[in-house]
Amino acid sequence: MGPAIRIPRVKPMAGMNWSRSCSESPVTWREEGSDVRVIPTGASRELEFVNRVGDRINEGIPPDEIIRLLYGELREFVPYDRIAALLTDRGLKRFSVLADETEAGPAAEKGSWEEISGRGLRKLLQYGRAAALNDLARFQAGLAPGDSMRRILARPAGAALVLPLRAGGSPIGAVFLLSPEPGAYRPPHEAILRSLVGRIAIEVEKSRLIDELQEKTEYLENILHSSGDAIIVFDLENRIRKWNEGARRMFGYEEHEVVGRSGSILVPEHEQITRETIRLRHLADSDGCLKDYECMRVTRDGRRIIVNMTSTILHDKQGRPMGHSLIARDVTHLRRLSEDLVRTQSLAAVGEMAATVAHEIKNPLAGISAAIQLLRRGMPERDRRRKIVGDVLDQVQRLDRTVRALLMFARPVKPRRHPVDLGESLAGAWRILSRQPQASGVRFALDGAAAIRVPGDPDLLRQVWINLFQNAIEAMPGGGEVSVRVTDGPRVRVEVRDTGVGMDTANVSKLFSPFFTTKTRGTGLGLSITRNIVEAHGGSILVESRRDQGTTVILEIAR
């Protein structure tokens, strides 16, 4: 007599002759609360087996391990030398081997999917009940040459017991027990497996759903990670929680460098002072989403970029806000192209007009200037009119400088390229300006320009530095410092900073517009000409300024 075991109350399974089994192999019953104490004999061993294997299945072991478990423990009750299991898709168009166990180990490669061909396998799956194929030779003789059942029954066998796996009333696969002996399977064999097959089906379907969920999750994660746009997720405290590859490429930070940090690291300092982030959050909170908002952001290396972003509030299952997502696209290049197109169109018209006006004014001015100088020479030194004539001559010369600037602005810039020593070019431009009285209280500092050469026109580049230095000097009437920093690379970067009065954002955006000036005696063409020269050298120019905190001009010149 075997050892006593404790199992829940059970009912005899369909197909088992409980009373007969008890008469041949009596059992002892003892009530203990909600359990029954059973001494297993005869058919009770089958119940013990079913419960023991069922408990293991309920532990959530993978479906292929369930088949191996059955192969190792079922032989006492059912004859077989091979157990195989397969899965099908929901349309019964394909199948995949889940497990195939024999004494020699796995008999077939699992995991790959094949088309279901022929009628044999499909009919067995659609039948929905256990099928005992006790004459396999006759069954196989009725199969078409390419039937999928031939692939499953490839090894010699005399009989097969086919147990369908179903979920929600639909077939999801089947378990095959194969014996070398024809006629090996009877109803009691199917009966002992019936409840186990139901549990196996549940685990297979659960495993399938988990795999599908994991596949969808990985698919969405792949989309999120591989997107060319920056996708960032923030929590309620504006800390970064998710950072995709697009964000890394756009801003330059690795994921581990930013996760957990405040999103303010991406916002320029002057925007942080204006509390832009809070304002945007309030806008998003009011509508749940903020679409196509353009703003300035800063990268890890300090570059300012223009981004078009969409921000969406995220909610938990109870509808409470849990953070927000941000999708950002770098539109700096597109914005500059758009601005360049508008600027080119307007400059073409302005340039044509400027060339015409300058040509019509230049010759009369030359005649006026010559006449005034002649009159001045004929006046006595003590004649009071000499000062008045001198003032008129100064104004004529000022007009002449304006006309020359107009002509330079109107003409296409064509640099004559030579290797230019940047350090010498910058220092030489400052020497020219340092002699004027306005520069007496201004300090000059040059850093990083040693041994850096760029291909360019020496005279045009000197004019660029003179324009920038002159603007800086005039922005510091009480004195200050002009500092120039040069950074070498594929594109040489030149930063000219002053400690002057600075400008507000509205004026900065107009600096390169022709004839715009904040000076009482300026022509408004200096920076426009400077920009034309820089772009003719394949470079770019950007101005950053804040009221009472100075101005920085950043140039990049192609090597």
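Here the structure is a predicted model, which means the values were calculated and not measured. (Residues numbered from 1 in each chain as written. Predicted model: local features only at pLDDT ≥ 70, side-chain atom pairs only at ≥ 80, totals over all residues. Heavy atoms only, no water.)

Caption draft 1: Focus on the nonpolar core. Membership of the largest hydrophobic core comes to 39 residues, with the highest contact counts inside it found for Trp 465, Phe 469, Val 482, Val 486, Val 494 and Leu 555. At the level of secondary structure, the elements contributing two or more residues to this core comprise α14 (422-433), α15 (458-474), β19 (480-487), β20 (491-498), α17 (526-536), β21 (540-545) and β22 (551-558). Looking at which element gives the most residues to this core, the answer is α15, with eight residues. Dropping the residues within four chain positions of it, Val 482 is found in contact with Trp 430, Val 442, Arg 443, Phe 444, Ala 445, Phe 469, Ala 472, Met 476, Val 496 and Arg 497. With 35 residues, the next largest nonpolar core counts Ile 57, Ala 85, Leu 87 and Val 197 among its residues. (Core = buried A, V, L, I, M, F, W, Y, C linked by side-chain atoms within 4.5 Å. Buried < 20%, exposed > 50% of the residue type's maximum accessible area, 1.4 Å probe, protein only. Helix = DSSP H or I, 4+ residues; strand = E, 2+ residues; numbered from the N terminus. Contact = heavy atoms within 4.5 Å.)

Caption draft 2: Just the sheet that holds strand β17 (residues 442-447), in detail. Read from one edge to the other, the open sheet built from five strands follows the order β17-β19-β20-β22-β21, with strand pairing classed as mixed. With one partner strand each, in any of the chains shown, β17 and β21 form the two edges of the open sheet. Shown here is a sheet whose adjacent strand axes are inclined to one another by a mean of 15 degrees, direction ignored. Sheet topology note: the β21/β22 ladder contains six bridges and is antiparallel. What sits directly across from Ile 541, in β22, is Leu 555. Contacting β17, β19 and β20, α14 crosses the sheet at an angle of about 175 degrees to β17. (Pairing = 2+ DSSP bridges. Axes fitted to C-alpha atoms, helices over the stretch in contact; angles between N-to-C directions.)

Caption draft 3: Structural view of the packing of helix α3 (residues 63-73) against helix α7 (residues 187-226). Running from N to C, α3 and α7 cross one another at 155 degrees; their axes reach a closest spacing of 9 Å. Considering the angle they form, α3 stands roughly antiparallel to α7. On α7, the residues touching Pro 63, Ile 66 and Leu 70 of α3 are Leu 196, Ile 200, Glu 203, Val 204 and Ser 207. Of the residues belonging to the contact of α3 with α7, the class tally is six nonpolar, one polar and one charged. (Parallel < 35°, antiparallel > 145°, perpendicular 65-115°, else oblique. Nonpolar A, V, L, I, M, F, W, Y, C, P; charged D, E, K, R; others polar.)

Caption draft 4: Layout of the pairing of β21. Alternating positions in β21 separate cleanly, Ile 541, Val 543 and Ser 545 being buried on one face and Ser 540, Leu 542 and Glu 544 remaining unburied on the opposite face. Connecting the antiparallel pair β21 and β22 is a turn made up of five residues, with Asp 548 showing a positive phi of about 65 degrees.

Caption draft 5: Highlighting the confidence of the model for the protein chain. With 79% of its residues at a pLDDT of 70 or more, the protein chain has an overall mean of 79. Note that residues 1-41 has pLDDT below 50 and, in this model, 58 contacts with residues that lie over four places away or in other chains. (pLDDT = per-residue confidence, 0-100.)

Caption draft 6: The sheet that holds strand β14 (residues 304-315), seen in detail. Here five strands make up an open sheet; going across it, the order is β12-β11-β15-β14-β13 and the pairing antiparallel. Both outer strands of the open sheet, β12 (240-243) and β13 (289-298), are each paired with one neighbouring strand and no more. Put simply, the sheet's adjacent strands are angled 30 degrees from each other on average, direction ignored. Where strand β11 (residues 230-234) and β12 come together, three bridges link them in antiparallel fashion. If you follow Val 233 over to β12, its bridge partner there is Lys 242.

Caption draft 7: A look at the pattern of salt bridges. Throughout the structure, instances matching the rule amount to 36 salt bridges. Put simply, Arg 300 and Glu 257 hold a salt bridge, and the shortest N to O gap is 2.9 Å. You can see Arg 300 sitting in the loop between β13 and β14 and its partner Glu 257 sitting in helix α9 (residues 255-258), a full 43 residues away along the chain. Judged by its relative accessible area of 47%, Arg 300 is partly exposed. Each of Arg 491, Arg 493, Glu 495, Arg 497 and Glu 556 takes part in salt bridges that share partners, so that together they form one network. (Salt bridge = Lys/Arg side-chain N within 4 Å of Asp/Glu carboxyl O.)

Caption draft 8: Main features of helix α4 (residues 120-127). Along α4, the residues that are buried comprise Gly 120, Leu 121, Leu 124 and Leu 125. Each buried residue of α4 sits inside an arc of 125 degrees when the element is viewed along its axis, so together they form one side. Among the residues trailing α4, Gly 128 stands out with phi positive, at a value near 85 degrees. (Arc of directions from axis to C-beta.)

Caption draft 9: Geometry of the packing of aromatic side chains. In total, this model carries seven aromatic pairs according to the counting rule given. Relative to Phe 444, the ring of Trp 430 has its centre 4.8 Å away and its plane inclined at 10 degrees; by these criteria the two rings are stacked. Placement of the pair is Trp 430 in helix α14 and Phe 444 in strand β17, with a sequence separation of 14 residues. The rings of Trp 243, Phe 251 and Tyr 253 are connected pair by pair, giving a single aromatic cluster. Taking NZ or CZ as reference, Arg 75 lies 5.3 Å from the ring centre of Tyr 71, over its face. (Phe/Tyr/Trp six-rings, centres within 6.5 Å; stacked < 30°, edge-to-face > 60°. Lys NZ or Arg CZ within 6 Å of the ring centre and 35° of its normal.)

Caption draft 10: Molecular detail of the side chain of Ser 545. Secondary-structure assignment places Ser 545 in strand β21. A distance of 3.2 Å separates a polar atom in the side chain of Ser 545 from the backbone oxygen of Gly 550. Polar side-chain contacts of Ser 545 include one of 2.8 Å to the side chain of Thr 551. Setting aside chain neighbours within four positions, we find Ser 545 in contact with Gly 502, Met 503, Val 508, Gly 550 and Thr 551. (Polar contact = N/O pair within 3.5 Å; in protein donor to acceptor, adjacent residues only side chain to side chain.)

Caption draft 11: How the structure looks around α3. Within the sequence span of α3, burial applies to Pro 63, Asp 64, Ile 66, Ile 67, Leu 69, Leu 70 and Tyr 71. Buried residues in α3 make contact with α2 (44-58), β4 (82-88), β5 (94-102), β10 (170-179) and α7.

Caption draft 12: Quick look at a nonpolar patch on the surface. Taken together, the side chains of Tyr 219, Leu 220 and Ile 223 present a nonpolar region at the surface, about 340 Å² in accessible area. With respect to the secondary-structure elements, Leu 220 resides in helix α7. (Patch = residues over 30% accessible without salt bridge, like charges linked within 9 Å, V, L, I, M, F, W, Y side chains within 5 Å. Areas by Shrake-Rupley, 256 points an atom, 1.4 Å probe, with all protein chains shown as cover.)

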